[in-house]
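Coordinate inspection notes
Listed here are the chains, written in short residue letters.
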Amino acid sequence: MAHYFEEQPKAASRPASVDLVLPDLHLRLETDRGVFSPDRIDLGTRILLESVPKPPQEGNLLDLGCGYGPIALTMAARAPGASVWAVDVNRRSLELTRRNAEAAALTGVRPAHVDEVPEDVRFAAIWSNPAIRIGKQAMHEMLTRWLTRLTPDGVAYLVVQKHLGSDSLQRWLSEQGWQATRHTSRAAYRILKVTR
């Protein structure tokens, strides 16, 4: 778990699967060791997917830190006309996302390493369960890098546990000039809505 944000996980492969069950979607997803939350859909991810409005129906959408793809696949299912960039540093995660999208026939999903997304791509929406455990400085750099790629009317939704710093992150985002508001709060998780 501690190394899910490494490019090449050191954990030996142990394939498994989990079910993503939402009111509008039911998917079985391949998982593996060395990726984020391989044994179940993370509660923060579930709360995000149950709480956010439908994504824009066209354009580019971003799942930042895609893991094995639950957020990206949900975006693609809810916005079949959009291109959903599933971005991660972890190569095992990207391969799982590719296979899961293929198995679900969600052709709009585009798994990509963080350094392989063309610089001119802008996003109408970003949904993310960001990798808080990479450390505050690295997370601030990551969020700055990707939030600046929102379209002028784009919206980001970030899920963060309260005890892992959701309120301080909201303050930091506001200090950086973003409009950061609490979209919802549930089970010690905050969903932050971020706009220009």
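Look a little higher up for the structure.
As the structure is a computational prediction, the values presented were derived from the model and not from experiment. (Residues numbered from 1 in each chain as written. Predicted model: local features only at pLDDT ≥ 70, side-chain atom pairs only at ≥ 80, totals over all residues. Heavy atoms only, no water.)

Turning our attention to the overall build of the protein chain. Each helix and strand counted, the protein chain has five helices and nine strands in total. For the protein chain, the N- to C-terminal ordering of α and β elements is β-β-α-β-α-β-α-β-β-α-β-α-β-β. For 196 residues, the compact-globule estimate of 2.2 N^0.38 gives 16 Å, and the protein chain sits close to it at 15 Å. Overall size of the protein chain, expressed as C-alpha extent along the three principal axes, is 40 × 35 × 35 Å. Burial status across the protein chain gives 53% buried among its 196 residues. (Helix = DSSP H or I, 4+ residues; strand = E, 2+ residues; numbered from the N terminus. Rg over C-alpha atoms; globule rule 2.2 N^0.38 Å. Buried < 20%, exposed > 50% of the residue type's maximum accessible area, 1.4 Å probe, protein only.)

You can see methionine 139 is positioned in helix 4 (residues 136-147). Judged by its relative accessible area of 5%, methionine 139 falls in the buried class. Along the chain, methionine 139 and leucine 169 lie 30 residues apart, while their C-alpha atoms are 9.8 Å from each other. Residues in contact with methionine 139, not counting those within four places in the same chain, are Pro130, Ala131, Ile132, Ile134 and Leu169. (Contact = heavy atoms within 4.5 Å.)

As a further point, take the side chain of aspartate 42. With respect to the secondary-structure elements, aspartate 42 resides in the loop between strand 2 (25-31) and helix 1 (43-51). We note that aspartate 42 is buried and unpaired, the nearest opposite charge coming from arginine 40 at a distance of 5.4 Å. (Lys, Arg positive; Asp, Glu negative; His and termini not counted. Salt bridge = Lys/Arg side-chain N within 4 Å of Asp/Glu carboxyl O.)

At a minimum axis separation of 10 Å, helix 1 and helix 2 (residues 70-78) run at an interaxial angle of 15°. Looking at the two axes, helix 1 sits roughly parallel to helix 2. Helix 1 and helix 2 meet at a crossing whose hand is right-handed. Where helix 1 approaches helix 2, its residues Thr45, Leu48 and Leu49 are matched on the opposing element by Pro70, Ile71, Thr74 and Arg78. Looking at the contact of helix 1 with helix 2, its residues break down into four nonpolar, two polar and one charged. (Axes fitted to C-alpha atoms, helices over the stretch in contact; angles between N-to-C directions. Parallel < 35°, antiparallel > 145°, perpendicular 65-115°, else oblique. Left-handed = near helix turned anticlockwise from the far one by under 90°. Nonpolar A, V, L, I, M, F, W, Y, C, P; charged D, E, K, R; others polar.)

Listing the buried residues of helix 1 in full gives Gly44, Thr45, Ile47, Leu48, Leu49 and Ser51. In this fold, the buried residues of helix 1 make contact with strand 1 (16-22), helix 2, strand 6 (123-128), strand 7 (150-161), strand 8 (179-186) and strand 9 (189-195).

Moving on, we get to the environment of glutamate 50. Along the chain, the position of glutamate 50 falls in helix 1. According to the relative accessible area criterion, glutamate 50 is partly exposed, its value standing at 37%. Glutamate 50 sits 14 residues away from phenylalanine 36 along the chain, and the two C-alpha atoms are 19 Å apart. Ignoring sequence-local partners within four residues, the contact set of glutamate 50 consists of Leu22 and Arg186.

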